[in-house]
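Here are the chains, one letter per residue:
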Number of protein chains: 4
Amino acid sequence: MAGNSIGQHFRVTTFGESHGVALGCIIDGCPSGLAIDAAQIQHELDRRRPGTSRYTTARREPDSVQILSGVFEGETTGTSIGLLIENTDQRSKDYSAISQLFRPGHADYTYHQKYGVRDYRGGGRSSARETAMRVAAGAIAKAYLKQHLGIEVRGYLSQLGPIKAQQVDWSQVNENPFFFPDEQQLPQLDAFMRDLKKQGDSIGAKITVVASGVPVGLGEPVFDRLDADIAHALMSINAVKGVSIGDGFDVVEQHGSKHRDALTPQGFASNHAGGVLGGISSGQDIIAHLALKPTSSITVPGATIDVDGKATEVVTKGRHDPCVGIRAVPIAEAMLAIVLMDHYLRHRGQNADVQTTTPQLS
Amino acid sequence: MAGNSIGQHFRVTTFGESHGVALGCIIDGCPSGLAIDAAQIQHELDRRRPGTSRYTTARREPDSVQILSGVFEGETTGTSIGLLIENTDQRSKDYSAISQLFRPGHADYTYHQKYGVRDYRGGGRSSARETAMRVAAGAIAKAYLKQHLGIEVRGYLSQLGPIKAQQVDWSQVNENPFFFPDEQQLPQLDAFMRDLKKQGDSIGAKITVVASGVPVGLGEPVFDRLDADIAHALMSINAVKGVSIGDGFDVVEQHGSKHRDALTPQGFASNHAGGVLGGISSGQDIIAHLALKPTSSITVPGATIDVDGKATEVVTKGRHDPCVGIRAVPIAEAMLAIVLMDHYLRHRGQNADVQTTTPQLS
Amino acid sequence: MAGNSIGQHFRVTTFGESHGVALGCIIDGCPSGLAIDAAQIQHELDRRRPGTSRYTTARREPDSVQILSGVFEGETTGTSIGLLIENTDQRSKDYSAISQLFRPGHADYTYHQKYGVRDYRGGGRSSARETAMRVAAGAIAKAYLKQHLGIEVRGYLSQLGPIKAQQVDWSQVNENPFFFPDEQQLPQLDAFMRDLKKQGDSIGAKITVVASGVPVGLGEPVFDRLDADIAHALMSINAVKGVSIGDGFDVVEQHGSKHRDALTPQGFASNHAGGVLGGISSGQDIIAHLALKPTSSITVPGATIDVDGKATEVVTKGRHDPCVGIRAVPIAEAMLAIVLMDHYLRHRGQNADVQTTTPQLS
Amino acid sequence: MAGNSIGQHFRVTTFGESHGVALGCIIDGCPSGLAIDAAQIQHELDRRRPGTSRYTTARREPDSVQILSGVFEGETTGTSIGLLIENTDQRSKDYSAISQLFRPGHADYTYHQKYGVRDYRGGGRSSARETAMRVAAGAIAKAYLKQHLGIEVRGYLSQLGPIKAQQVDWSQVNENPFFFPDEQQLPQLDAFMRDLKKQGDSIGAKITVVASGVPVGLGEPVFDRLDADIAHALMSINAVKGVSIGDGFDVVEQHGSKHRDALTPQGFASNHAGGVLGGISSGQDIIAHLALKPTSSITVPGATIDVDGKATEVVTKGRHDPCVGIRAVPIAEAMLAIVLMDHYLRHRGQNADVQTTTPQLS
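Model, not experiment: these values are computed from the prediction.

Residue and element names in this part refer to chain B. Summarising burial for strand E16 (residues 286-292): 7 of the 7 residues are buried, a large majority. Here E16 shows no split at all, with Ile286, Ala288, Leu290 and Leu292 on one side and Ile287, His289 and Ala291 on the other all buried. Two strands pair when backbone bridges link them, and strand E10 (residues 205-212) and E16 are joined in this way by 7 bridges, in the antiparallel orientation. The partner of Lys206 across the bridge, within E16, is Ala291. Here strand E11 (residues 240-245) pairs with E16 via 5 bridges, running antiparallel. Residue pairing in the sheet places Val243 in a bridge with Leu290 of E16.

Structure, rendered in structure tokens:
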């Protein structure tokens with residue numbers, strides 16, 4: 001059943017295979033009057049693009065986005081927005097060897113069994129290449145959130161393998177190809193990645209995304225809580241195996257007297273909750289974390305079976321990232337922006353009249 | 001906007017406040033011909049019911065469920081199923097003291113700001129009491145999954161505060177009020193909870209849910225992946241701050257050569273993925289974990305503000321669980337069952353024709 | 001698949017069989033702060049209730065509605081609203097004769113073939129009894145539309161068999177059991193119905209519903225146009241076979257120079273469009289018509305087959321309306337109100353910022 | 001709010017303005033294994049294309065469709081299908097005169113007031129040009145229905161202004177530019193249209209669409225009835241003001257003893273119902289009718305206002321159809337096919353297990 005859409009009110013629907021003709025998406029429900037152009041979207045795509053550092057895939061695609069509809073004289077018109085990226089660098093020959101077998105850790109086996117047929121070229125629809133359209137759509141959400149609401153959505157690589165960020169210096173994040181927030185640890189990261197490449201292996205990563213300036217009230221209990229929809233959106237990114245909000249899994253060992261964030265006339269005294277209480281934004285920063293598995297596209301040989309169920313072996317060639325987590329930072333930001341945009345419109349639809357005399361905290 | 005439904009094909013919609021007249025739900029899309037009666041649903045509700053151990057709230061509600069529609073002569077008819085639980089033990093007086101202030105760590109402040117009005121009695125809609133209907137609906141999903149597909153959905157308390165289960169003995173889980181899978185650690189748990197109660201404090205917990213016998217093919221990429229929808233469903237449970245699949249956050253430090261699960265003619269050689277590849281079930285056990293925060297309803301006084309924004313203090317009286325995680329085991333099972341049921345029907349709708357010659361692994 | 005919900009933002013989900021335990025619904029997405037009580041809902045239910053005239057079914061049910069959640073101290077709280085009507089007058093014996101055959105013109109055959117099982121008592125879920133919950137939910141929509149937006153939704157019987165209303169006097173509509181807008185034709189209607197009853201036959205009807213005070217802008221092209229959603233909602237009412245907007249099927253023979261409604265500084269010069277242009281409300285009255293078939297529950301014997309496919313005959317006993325169209329007036333009003341409410345919230349969510357200097361016409 | 005999608009399981013989402021860069025759509029939920037290529041889609045587009053007769057707009061666009069994703073080696077893969085048509089014949093200058101006023105009978109005023117901004121070139125999103133993507137998506141639905149289920153969806157012009165088809169000869173429908181089913185009346189139609197063109201006026205039309213070979217069981221009561229969803233889909237087509245099923249508005253004057261279709265071991269004895277009983281397909285032909293208004297784009301001058309609310313006059317130049325109903329035949333077929341496809345998958349998802357011993361009628 002149709003599963004290529006996300007969002008109710010601000011709804012993003014995508015299509016496109018790794019080695020097909022093009023990738024595209026439709027953004028439906030974007031308010032009119034938003035100033036947007038292709039350059040703004042391109043800026044976000046460039047942050048995600050492969051080939052920006054020596055540790056990401058050498059595939060070189062300009063990923064040049066076109067706006068096909070929904071924007072007139074530099075402004076959104078309220079109609080559905082079509083975006084398109086043509087695939088230009090398709091070396092399909094690379095993949096013919098794997099058409100009759102299933103790469104372990106990939107979606108080859110599950111797509112084959114679910115659909116009975118699969119576009120094996122570069123993983124087809126299951127390739128991370130599909131995330132380009134998430135970033136493109138997210139750029140529009142980000143633009144609205146910033147221009148109209150003053151909300152900023154940012155992310156960083158909080159951990160790569162065993163290396164945890166020791167501090168978060170936002171000014172550093174976009175200055176290095178790792179989106180890493182601690183400049184001092186960069187040489188360590190560099191060395192780690194060099195070794196990894198030598199081994200032909202890959203590594204997992206942890207990303208943190210933060211939204212600042214979010215008003216109180218976003219989220220629709222009991223099922224479409226803001227945190228539940230964030231979890232859905234982030235877990236839908238390729239390779240993500242875990243999602244958490246605020247203190248996340250650390251809460252397991254916490255006491256209630258420590259975890260609960262005191263409210264004071266000056267604002268919340270702490271933010272263990274990660275900006276969500278009862279599924280509704282509290283006005284504090286929304287903080288979410290995601291764990292990305294190490295890619296299975298490595299040159300270390302792996303045991304597997306072929307389409308007839310017989311044992312065989314696979315070595316993934318082609319051009320791949322040793323840590324897919326790195327490039328996932330702009331993707332995670334995009335997904336968080338899409339969820340916030342959707343929930344802002346949902347909330348406004350239902351509660352535009354509400355006024356309280358209680359001051360808003362942050 | 002409407003947020004009280006979950007599922008597309010097997011859709012559960014709930015209503016009800018902690019101290020209102022009744023709780024209820026509608027299950028829409030359940031196939032006809034399923035043998036079901038109130039006793040089966042009641043059995044699951046009884047597992048969740050407060051008051052089953054001395055460490056859960058002393059509130060005593062029979063939580064007696066009625067089937068109002070959709071079942072005829074012991075079988076579902078394919079029409080929408082109405083379920084009802086009347087609230088019988090409503091001590092609303094307990095809560096009048098908190099009507100003018102916001103309990104820290106609760107949804108009081110966010111509901112107040114979002115809606116401008118709130119039913120403060122026992123937390124109203126934000127109370128964990130709403131999860132009774134999740135369990136009721138989940139009981140129907142569980143019955144179908146078991147009877148028609150041989151799928152079993154089970155859960156256990158994998159960690160309570162600092163105490164991690166050392167082994168998983170499924171035969172023990174329903175034999176103790178903690179849903180704990182290791183009999184030998186029960187005295188330790190008991191002692192820990194006794195101390196906690198003495199302190200008037202609360203503790204977090206980690207739960208693991210497992211579905212066995214799931215066929216390959218469930219999940220609708222790229223957004224409605226099976227794992228993304230599981231994350232949504234589990235994160236929508238009160239107090240949950242983190243959700244993970246398979247190795248979860250451990251993947252951050254893993255290498256690809258270790259993480260990827262080899263396919264062999266005899267089945268997968270390991271299950272780091274937790275039964276989901278590319279957002280689609282692989283035929284292996286689905287394994288998900290969730291982190292529950294310590295409840296903020298504790299007798300330790302906490303700083304907060306009142307509805308006018310002035311500083312004050314709150315002590316939560318009333319009857320509360322020192323570890324809400326314990327009772328969440330049946331709730332998490334219910335949510336996983338609902339997601340699997342929904343995805344089974346979605347998958348069948350689209351792919352009922354598909355046949356492959358590749359044998360199904362597990 | 002789940003089909004018992006209507007609306008995206010203001011979503012109504014219903015359950016209940018004609019002779020089951022109870023009927024109920026959940027209204028999800030209603031804004032908080034609406035003053036509502038059971039009496040207001042009951043008032044609408046009483047308008048629809050069987051037994052209010054000698055020409056509607058003699059079944060006597062108080063149809064007493066209870067509000068189970070979502071309302072606190074006389075005001076909606078923004079959470080999901082549960083409504084319940086218990087079935088009290090269930091003479092199930094009446095229907096046992098038809099359990100093994102299919103009444104022509106009814107849903108017996110299609111439910112049997114679709115679901116493999118059916119609750120044959122009084123038509124089960126396919127009975128017009130389910131429309132009680134539409135009226136109940138519609139009462140809440142009506143209350144919001146009136147209190148908050150000044151929108152009034154009204155309907156009348158515009159034709160019963162060959163008898164067309166010669167004039168529309170709104171003050172008459174609720175003064176007679178036919179909801180007929182022309183007092184002078186009442187004796188004619190009365191005579192027609194008396195004859196019909198004598199024949200043991202039934203007759204079709206046409207209903208017109210009108211919404212006044214609707215702001216310009218409601219409707220979401222290109223698929224969820226206001227008129228498309230109105231058509232969906234009205235066609236979903238039992239026995240409806242046709243729906244039209246404004247001049248409806250008369251447009252087939254019209255010229256463009258006549259049909260198009262001129263805009264003037266004083267407002268539209270005419271309303272052939274029925275208040276919708278390009279799928280969006282124009283600020284004029286929304287005018288919709290629906291055609292209801294004559295009920296097939298008549299005492300004239302009819303040819304049919306039994307569950308084994310063998311020819312047989314059926315005479316519908318029980319208590320039935322000779323013209324189901326009459327009671328459909330409040331139902332059609334309710335459905336129109338639900339659609340307008342839903343679209344108002346959808347529009348507000350997306351376009352709350354929009355301001356134009358062009359004056360609003362009506 | 002997002003309104004550019006139709007269907008739940010087989011979901012079509014479209015974008016594109018009359019004079020924008022391109023039109024496109026995403027079809028999500030199409031089963032894998034369907035043999036499809038661009039030529040099949042192009043064939044349907046060519047049937048709808050402007051310029052095929054002297055009575056439709058002179059605009060000449062090849063409307064050449066590209067498949068961008070979801071099809072691999074001639075077969076659908078189960079992933080989302082992207083389709084694109086580039087706009088090549090955009091004479092935007094034609095429309096600059098109307099940028100500051102509202103054409104009566106068009107969506108100019110309502111779009112302006114709803115969104116605060118509009119792409120006035122050729123009506124922008126409100127142009128019938130968007131229906132090209134409906135036809136393209138419908139071609140895929142038609143292909144599946146025919147290849148996998150033997151369902152045929154066909155339509156014809158049943159009335160143009162005062163001229164009603166006297167007989168329905170399916171072999172004639174695609175042989176004339178009017179899709180008219182009675183060869184003998186063609187000279188009459190021709191003369192009527194010639195006169196109309198001379199007057200600079202336009203005329204309404206009635207279209208009938210029929211689906212044959214539909215299995216019993218499609219439709220999801222109580223709201224997503226098959227007929228309700230057909231009404232929604234057909235009413236969403238530009239210029240449609242009425243939709244009916246089977247005998248439609250004629251039922252108003254019918255008696256129950258005449259209307260109800262008798263069931264016999266040899267099948268239904270008649271088809272007044274139009275193939276739907278209780279919102280579920282009966283196995284008989286699905287028969288739907290739609291009324292299309294005369295286009296307001298005529299050369300007869302019309303009174304209107306400008307964006308400041310001042311009175312003015314408009315004469316629509318540009319290239320327009322004097323009867324938009326003619327070209328709507330393939331569009332209506334497409335919409336019916338999409339609804340049937342969606343409901344087939346929905347039904348199969350829920351009821352794939354159901355078997356009855358009652359023979360299927362037709």
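Bringing the UniProt feature "binding site: FMN" (unreviewed entry) in chain A into the picture now. Residue and element names in this part refer to chain A. UniProt marks Arg125, Ser126, Ser127, Asn238, Ala239, Gly278, Lys293, Pro294, Thr295, Ser296, Ser297 and Arg319 with the feature "binding site: FMN" (unreviewed entry), using the numbering shown here. For Asn238, the position within the fold is in the loop between helix H6 (226-235) and strand E11 (240-245). By the C-beta count within 10 Å, which is 24 here, Asn238 ends up buried. Once residues within four sequence positions are removed from consideration, Asn238 is found in contact with Ala128 and Thr131. Assignment of secondary structure puts Ser297 in the loop between strand E16 (286-292) and strand E17 (302-305). On the basis of neighbour counts, which here come to 23 C-beta atoms within 10 Å, the residue Ser297 falls in the buried class.

Turning our eyes to something else, we now look at the interface of chain D and chain C. In this assembly, 102 residues from chain D lie in contact with 102 residues from chain C. Bridge analysis of strand E11 (residues 240-245) of chain C against strand E11 (residues 240-245) of chain D gives 3 bridges, and the strand direction is antiparallel. The residue bridging Gly242(C) from the neighbouring strand is Ser244(D), located in E11(D).

This next bit is on the interface of chain C and chain B. At the junction of the two partners, chain C supplies 41 residues and chain B supplies 41 residues. Elements with a minimum of two residues in the side of chain C that touches chain B: strand E2 (11-15), strand E3 (22-28), strand E7 (81-86) and helix H2 (108-115) of chain C. Looking at the side of chain C that touches chain B residue by residue, the class counts come to 11 nonpolar, 22 polar and 8 charged.

Once turned by 180° and shifted 0.0 Å along the axis, chain D lies on chain C with an RMSD of 0.0 Å. The superposition of one copy onto the other is thereby described by a two-fold rotation axis. Rotation axis and chain D: the residue whose C-alpha lies nearest the axis is His232(D), separated from it by 2.3 Å. A symmetric contact is evident, with 100% of the interface residues of chain D recurring at the interface of chain C.

It is worth spelling out helix H1 (residues 38-48) of chain C at this point. Residue and element names in this part refer to chain C. Among the residues making up H1, those that are buried are Ile41, Glu44, Leu45 and Arg48. Viewed along the axis of H1, the buried residues span an arc of 100°, placing them on a single side of the element. In H1, those exposed residues whose orientation departs by more than 90 degrees from the buried face are Ala39 and His43. The elements touched by buried residues of H1 are strand E4 (65-67), helix H3 (131-149) and helix H8 (324-351).

Let us now look at the relation of the copies chain C and chain B. For the pair chain C and chain B, the best superposition has an RMSD of 0.0 Å and corresponds to a rotation of 180° with a translation of 0.0 Å parallel to the axis. Of the interface residues in chain C, 100% have counterparts in chain B that sit at the interface too, so the contact is made through matching surfaces.

All names here are of chain C. Across 4 bridges, strand E17 (residues 302-305) lies against strand E18 (residues 311-314) in antiparallel orientation. Of the residues in E18, the one forming a bridge with Ile305 is Ala311. Here E17 folds back onto E18, and the loop between the two strands holds 5 residues, one of which, Gly309, carries a positive phi near 90°.

Read across the open sheet, the 10 strands follow the order E9(A)-E8(A)-E10(A)-E16(A)-E11(A)-E11(B)-E16(B)-E10(B)-E8(B)-E9(B); overall the sheet is antiparallel. Two strands lie at the open edges of the sheet, namely strand E9 (163-164) of chain A together with strand E9 (163-164) of chain B, each paired on one side alone. Relative to strand E8 (residues 152-160) of chain A, helix H8 (residues 324-351) of chain A is tilted by about 150°, and along the sheet it contacts E8, strand E10 (205-212) and E16 of chain A. Contacting E11 of chain A together with E11 and E16 of chain B, helix H6 (residues 226-235) of chain B crosses the sheet at an angle of about 155° to E11(B).

With that out of the way, let us pick up the sheet that holds strand E1 (residues 5-6) of chain A. All names here are of chain A. Here we have 5 strands laid out as an open sheet, ordered E1-E2-E3-E7-E4, and antiparallel in their pairing. For this open sheet the edge positions go to E1 and strand E4 (65-67), each flanked by a neighbour on one side alone. The sheet contact formed by E1 and strand E2 (residues 11-15) spans 2 bridges and is antiparallel. Within the sheet, the bridge partner assigned to Ser5 lies in E2 and is Thr13. Along the sheet, helix H3 (residues 131-149) contacts E2, strand E3 (22-28), E4 and strand E7 (81-86); its crossing angle with E3, the most-contacted strand, is approximately 30°.

Here the UniProt-annotated "binding site: NADP(+)" (unreviewed entry) positions come out as Arg48(A) and Arg54(A). Beyond its immediate sequence surroundings of up to four residues, Arg48(A) is in contact with Ala132(A), Val135(A), Arg327(A), Pro330(A) and Ile331(A).

Moving on, we come to unusual backbone geometry. Of note, the bond from Pro221(A) into Val222(A) is cis; its omega dihedral lies within 30 degrees of zero at 5°. The backbone of Glu73(B) shows a phi angle near 50°, a positive value even though the residue is not glycine. By secondary structure assignment, the location of Glu73(B) is in the loop between strand E5 (71-72) and strand E6 (75-76).

Let us look at the environment of Ser270(B). Mapped onto the fold, Ser270(B) is located in the loop between strand E13 (267-268) and strand E14 (276-277). Distance in space between the C-alpha atoms of Ser270(B) and Ser257(B) is 12 Å, their sequence separation being 13 residues.

Let us look at the packing of H6(A) against H6(B). One way to put it is that H6(A) packs onto H6(B) with a least axis distance of 7 Å and a crossing angle of 160°. In terms of their interaxial angle, H6(A) and H6(B) are classed as roughly antiparallel. Of the two elements, H6(A) crosses H6(B), and the hand of that crossing is right-handed. Contacts from Asp227(A), Ala228(A), Asp229(A), Ala231(A), His232(A) and Met235(A) in H6(A) reach Asp227(B), Ala228(B), Asp229(B), Ala231(B), His232(B) and Met235(B) in H6(B). Partitioned by chemical class, the residues of the contact of H6(A) with H6(B) number 6 nonpolar, 2 polar and 4 charged.

What counts as what
- Residues numbered from 1 in each chain as written.
- Chains lettered and ligands numbered in written order.
- Predicted model: local features only at pLDDT ≥ 70, side-chain atom pairs only at ≥ 80, totals over all residues.
- Buried ≥ 20, exposed ≤ 12 C-beta atoms within 10 Å, placed from the backbone.
- Helix = DSSP H or I, 4+ residues; strand = E, 2+ residues; numbered from the N terminus.
- Pairing = 2+ DSSP bridges.
- UniProt positions renumbered as here; feature names shortened; annotations may be inferred.
- Contact = placed C-beta atoms within 7 Å.
- Nonpolar A, V, L, I, M, F, W, Y, C, P; charged D, E, K, R; others polar.
- Least-squares fit on C-alpha atoms with pLDDT ≥ 70 in both.
- Arc of directions from axis to C-beta.
- Axes fitted to C-alpha atoms, helices over the stretch in contact; angles between N-to-C directions.
- Parallel < 35°, antiparallel > 145°, perpendicular 65-115°, else oblique.
- Left-handed = near helix turned anticlockwise from the far one by under 90°.

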